[in-house]
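Structure assessment
The primary structure of each chain is shown beneath.
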Amino acid sequence: MTTFKWGFVGAGMIAKKALYPAISRSNVGEIYAVASRDADRAMTISPTGKIYTDYDSLFADPLVDGVYISLPNAFHLPVAIKAMKAGKHVLCEKPLGMNAAEVQEAIAVSEAAGVLFVEASWNRWHPRTQRIQEVVQSGQLGAIKRIRSCFTYDGLDGGNIRLDPTIGGGILYDLGPYSTVAPLWLLDFPVVSDLAVQSVRHPGGVDETTRVNYTLGNTLCETVTSCNIPETSWLIVEGEKGAARMLGHNVFNSRHAESKLEITVGGKVTVEEFGPVDPYQIMADNFARRAQGGSDWVMPLTESLRFAQLFDAAFAQIKR
């Protein structure tokens, strides 16, 4: 396998604090080029010094193997489509689009272009995340009766892009791809029913605290997201024979830290421990190897589409 040459589109906080250090430690990929309207900011995350001040020039560079997109939400789809039509593999920050129709459009482009297109929901690559999914789907907990998930933080200033409705702001698009959708992938995507949504709006108009409850078969799912509640997170699965619970305050964002999973079956409690890992690096390396013909796991686009459909239904209820 040759070194996978990444082109970054956007040089903001996530790119600088997450993907840049992850790929810098990689022996699979390298950051070859960065495209940003702010050349000085781009230079700080481009070790090779290859800088573009427009995205099309980066897409036209024949040495770029794949593109990582970390722009504001509303720009994900049009930029991803341009990159894919230029023949570039694309790893895109969540959400892939502003609705399910946009996600379907992007999927069609990726298939026509024959390129890899993946949503960067990085927590899905964490070994603990994959382990709880394995436990739930193994049947050892019995029929799953209830799943509870929560992911919140506070402290956004009024100028934060996450609060701007014109570029896809709002908590459901920010943290929903973690906690709101967790029951879906845990149970392998049954049909959603009995959807009930409650939301508190920020003065700027976006959803600030959103509770999304729904049923998957016989499983009650209760989820909460917020950017105005002190930071907390949990993921608890309750079955007829036992339960599984992520321990600690880093349920959906464990990175470079030890983490634990508590499994209770027949009254016996087992705590599985996981060493520090960087899911961003696992994600990026898996993506690079998959793009070059490997079989490494990446999150399927069918899952991203199901997430978008759930968000569409939730937004319809709160009339966003």
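What follows is about the side chain of H126. Among the secondary structure elements, H126 is positioned in the loop between β6 (117-119) and α6 (127-138). Aside from chain neighbours lying at most four places away, what touches H126 is S254, S259, V277 and P279.

This part is about the nonpolar core. Core analysis: the largest hydrophobic core is formed by 74 residues, its most contacted members being W6, F8, L19, I132 and L235. Ignoring anything within four residues of it in the chain, the contact list for I132 reads W185, L186, L235, V237, A244, M246 and L261.

Time to look at helix α9 (residues 279-291). A rise of 1.5 Å per residue sets the reference length of α9, with its 13 residues, at 18 Å; its end C-alpha atoms lie 18 Å apart and thus fit the reference within 8%. Across the 13 residues of α9, 10 count as buried, placing the element largely inside the fold. Residues of α9 that are buried: P279, Y280, Q281, M283, A284, D285, N286, F287, A288 and A291. Each element contacted by the buried residues of α9 is listed here: β1 (4-9), α1 (13-24), β2 (29-35), β5 (89-92) and β6.

Bringing the sheet that holds strand β8 (residues 192-201) into the picture now. The mixed open sheet is built from eight strands, whose spatial order is β8-β9-β10-β7-β11-β12-β13-β14. On the outer flanks of this sheet lie β8 and β14 (268-274), each paired with one strand and no other. With direction set aside, neighbouring strand axes in the sheet form an average angle of 10°. Where β8 lies against strand β9 (residues 207-216), eight bridges are found, and the strand directions are antiparallel. Among the inter-strand pairings, V200 is bridged to a residue of β9, identified as T209. Where α6 meets the sheet, its contacts fall on β7 (144-152), β11 (232-239), β12 (242-247), β13 (259-265) and β14, and the angle it forms with β13 comes to roughly 10°. Sheet contacts for helix α10 (residues 301-317): β8 and β9; angle to β8, the most-contacted strand, approximately 55°.

A few words on unusual backbone geometry. Here the bond from K94 into P95 is cis, since omega is -5°, no more than 30 degrees from zero. Turning to its location among the elements, P95 is positioned in the loop between β5 and α5 (100-113). Phi angles above zero are rare outside glycine, and D188 is one such case at about 65°. Residues other than glycine seldom take positive phi values, yet H256 does so here, at roughly 60°. Secondary-structure assignment places H256 in the loop between β12 and β13.

What follows deals with the sheet that holds β1. Strand order across the open sheet formed by six strands is β3-β2-β1-β4-β5-β6, with parallel pairing between neighbours. Among the strands making up the open sheet, the edge pair consists of β3 (50-52) and β6. When the angles between neighbouring strand axes are averaged without regard to direction, this sheet yields 25°. Across six bridges, β1 lies against β2 in parallel orientation. From the neighbouring strand, K5 faces β2, where its bridge partner is E30.

Let's shift gears to the packing of aromatic side chains. Inspection of the entire model under this criterion finds 11 aromatic pairs. With a centroid separation of 5.0 Å and 70° between ring planes, the pair formed by F4 and W6 is classed as edge-to-face. Assessed through its relative accessible area of 1%, F4 is described here as buried. An aromatic cluster is built from F4, W6 and F287, whose rings are joined through pairwise contacts.

Right, let's talk about empty space enclosed by the protein for a bit. Counted by the stated rule, this structure contains two cavities of 30 Å³ or more. A volume near 70 Å³ is recorded for the largest cavity. Forming the boundary of the largest cavity are 13 residues, of which P95, G97, S304, A308 and F311 lie nearest the centre. With five residues, the single largest contributor to the lining of the largest cavity is α10. The residue inventory of the lining of the largest cavity, partitioned by class, reads eight nonpolar, three polar and two charged. Roughly 40 Å³ of volume is contained in the second largest cavity.

Think of an α-helix as turning once every 3.6 residues; residues three or four places apart then point the same way. In this model α1 runs 16 Å from its N-terminal to its C-terminal C-alpha over 12 residues, within 8% of the 16 Å that 1.5 Å per residue would give. Tucked inside the fold, the buried residues of α1 contact β1, β2, β4 (66-69) and α9.

Take the pairing of β12 next. A one-sided burial pattern is seen for β12, the buried positions being G242, A244 and M246 and the unburied ones A243, R245 and L247. Two elements, β11 and β12, share three bridges in a ladder whose sense is antiparallel. Each residue of the ladder has a partner; that of E238, found in β12, is A243. Between the antiparallel neighbours β11 and β12 lie two residues. With six bridges joining them, β12 and β13 adopt antiparallel strand pairing. Bridge pairing links A244 to I263 in β13.

Quick notes on the rules
- Residues numbered from 1 in each chain as written.
- Predicted model: local features only at pLDDT ≥ 70, side-chain atom pairs only at ≥ 80, totals over all residues.
- Heavy atoms only, no water.
- Helix = DSSP H or I, 4+ residues; strand = E, 2+ residues; numbered from the N terminus.
- Contact = heavy atoms within 4.5 Å.
- Core = buried A, V, L, I, M, F, W, Y, C linked by side-chain atoms within 4.5 Å.
- Buried < 20%, exposed > 50% of the residue type's maximum accessible area, 1.4 Å probe, protein only.
- Expected span 1.5 Å × (residues − 1).
- Pairing = 2+ DSSP bridges.
- Axes fitted to C-alpha atoms, helices over the stretch in contact; angles between N-to-C directions.
- Phe/Tyr/Trp six-rings, centres within 6.5 Å; stacked < 30°, edge-to-face > 60°.
- 1 Å grid on protein atoms, 1.4 Å probe; cavity = no way out; pocket = protein on both sides within 12 Å on 5 of 7 lines; lining within 4 Å.
- Points joined across faces, edges and corners; volume = space filled by probe spheres on them.
- Nonpolar A, V, L, I, M, F, W, Y, C, P; charged D, E, K, R; others polar.

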